[in-house]
Amino acid sequence: MASYYKKLKADLEASAGAGIITPEQAAAVYERALSLSPFASFKAAHWIGAAAGLFVALGVILIVASNWDRIDAATKMFAFLLLFAGVGEAAIRLDDKPTAAVPLEMIWFFMPILGIGLYAQIFNLSGDPVRPYLLWAALASPAALLSRRPFAAYLCSALLFFTLYYGTLSSNGVLALTAARAADPQPLWHWGLALAVLAGGAALFPGRKLSLPLGASVVWLFVMMLADTAVKVRSSALILLSGMSLAVLWLTYGSGRDDEKPGLPLKVWLGAVYFTTFFWHYRGDEFANRSAADSAAGGGLAWLLFAGALLSVVFRPQNLLPAGARDEMAGKVLLAASILCSFLLFDANEATAKGLAIAANLLLAAFGTVSILSGARDSSEKQINLGVAVLTILAVTRFVDIFGSMLRSGMAFIVTGLAFGALAYFVNKGRKALIESVKK
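### A look at a nonpolar patch on the surface
- Judged by side-chain polarity, Ile 92, Leu 145 and Leu 146 come together as a nonpolar surface patch covering roughly 300 Å² of accessible area.
- Relative to the assigned elements, Leu 146 resides in helix H6 (residues 131–146).

What follows is the structure in structure tokens.
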């Protein structure tokens, strides 16, 4: 990645020297490219400085620990507050000198651990294990907000998301959302605090890329619906409807800019559709008597997600296929169909489950075909490779499904291996021929 930005800078300087663009334009283009990747401007000295800050923070903790009994409580607290304020002030003042500022920011971020442990030991505090993490995030947020570098912001955002998952999945504490007993639901304000932590983690995430914080939020919400919370769902139909709707919402809103490709959200959507192809093996009795366990809030949330996903597909630009008028309708149809297929599991039996699997196979086949056609039209080797990969995985999986029971002898395995080898050869040959044709 660093070599790319080095080459980009050299090319821009050469273009400015040749008079193609002005030096100001070259500098503006380079700065914009760096802003799209927060770590691109970091050099080896910055990484070493970050490690230095971490080791200094650990060293301070060890020194204080070894002399703990010799220091009275008031001195401990005053010294910590003075040191914490001093490190923060120094990091802000030296913000334009990364060699000094990066280690100070790391110390500033990790110092609250020492202060929380110090306060708890002085006053013999114990109890809720989530509160210290929330306090740590609150004390470390100035480092994340005031620094021009992304280190502290990434760490603070990750800390908040970790606290969110850890706290909400426990049955006690200020963030607990899972009830220890069905008759003891957690207070409503726990949800408000959990959503505030979620919003804080997303807001502190550096840069303009929405995919990762949105993905972490989507996964958390789906986990809450699967866990024993107030929004739990247990019927297979609602679980699939919620999961597919969340995947579509992530894919739709996971790109902060038009040129930001939805890599991970696209893979998640493809994985969700691919998962539904295995409903071919399910039997009707596996769906019996599950809808009764759905909570009213969980069912309402599932339908709300469905409505939001469907409206987003209709009114928002699709991020499934490359942008363009020719791909827009095809992408919207595929996304909408992936959601609507979930209805085949309502009052499901063996026939409707197999119907869902067939529909999922057709969706993947359609996506692979359209991807290849789009790649050929737009001369996109990456899009062609994606379409070929989807069709190949689909073909191999279905082959194993249909003929897997026949693999009972060594000769059968040899024949299957030769068939896969031939498939790989012809697929790769066809892929290369298609790529070469679009390059001409």
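Still to come is the rest of the account.
### Remarks on the confidence of the model for the chain
- In this model, the chain carries an average pLDDT of 75, and 66% of its residues clear a pLDDT of 70 or more.
- Mean pLDDT values for the elements of the chain range from 54 in helix H16 (residues 410–439) up to 92 in helix H12 (residues 296–315).
- Long-range and interchain partners of residues 287–291, a stretch whose pLDDT sits below 50, account for ten contacts in this model, where long-range means more than four residues apart.

### Re the pattern of salt bridges
- One pass over the structure, following the stated rule, counts two salt bridges.
- For the salt bridge of Lys 232 with Asp 228, the shortest nitrogen-to-oxygen distance reads 3.4 Å.
- Asp 228 gets classed as partly exposed once you look at its relative accessible area, which sits at 34%.
- Across the pair Glu 328 and Lys 332 runs a salt bridge, and its minimum N-O distance is 3.7 Å. Placement of the pair is Glu 328 and Lys 332 together in helix H13 (residues 325–340), with a separation of four residues, close to one helical turn.
- Taking relative accessible area as the criterion, Glu 328 reaches 22% and is therefore assigned partly exposed.
- On the basis of relative accessible area, Lys 332 is assigned to the buried category, the value being 15%.

### A few points about helix H11 (residues 263–276)
- Here H11 is 14 residues long and its end C-alpha atoms lie 21 Å apart, about the 20 Å a rise of 1.5 Å per residue gives.
- Along H11, the residues classified as buried are Pro 265, Leu 266, Trp 269, Leu 270, Val 273 and Thr 276. Considered in projection along H11, the buried side chains sweep an arc of 135° and stay on one side of the axis.

### Regarding the packing of helix H9 (residues 211–226) against helix H10 (residues 236–253)
- Running from N to C, H9 and H10 point in directions that differ by 170°, and their axes come no closer than 10 Å. Taken together, the axes of H9 and H10 are roughly antiparallel relative to one another. Facing Ser 211, Leu 214, Gly 215, Val 218, Leu 221, Phe 222, Met 225 and Leu 226 of H9, the residues of H10 in contact are Ile 239, Ser 242, Gly 243, Leu 246, Leu 249, Trp 250 and Tyr 253.
- Along the lines of polarity and charge, the residues of the contact of H9 with H10 split into eleven nonpolar, four polar and no charged.

Cut-off values and rules
- Residues numbered from 1 in each chain as written.
- Predicted model: local features only at pLDDT ≥ 70, side-chain atom pairs only at ≥ 80, totals over all residues.
- Heavy atoms only, no water.
- Patch = residues over 30% accessible without salt bridge, like charges linked within 9 Å, V, L, I, M, F, W, Y side chains within 5 Å.
- Areas by Shrake-Rupley, 256 points an atom, 1.4 Å probe, with all protein chains shown as cover.
- Salt bridge = Lys/Arg side-chain N within 4 Å of Asp/Glu carboxyl O.
- Helix = DSSP H or I, 4+ residues; strand = E, 2+ residues; numbered from the N terminus.
- pLDDT = per-residue confidence, 0-100.
- Contact = heavy atoms within 4.5 Å.
- Buried < 20%, exposed > 50% of the residue type's maximum accessible area, 1.4 Å probe, protein only.
- Expected span 1.5 Å × (residues − 1).
- Arc of directions from axis to C-beta.
- Axes fitted to C-alpha atoms, helices over the stretch in contact; angles between N-to-C directions.
- Parallel < 35°, antiparallel > 145°, perpendicular 65-115°, else oblique.
- Nonpolar A, V, L, I, M, F, W, Y, C, P; charged D, E, K, R; others polar.

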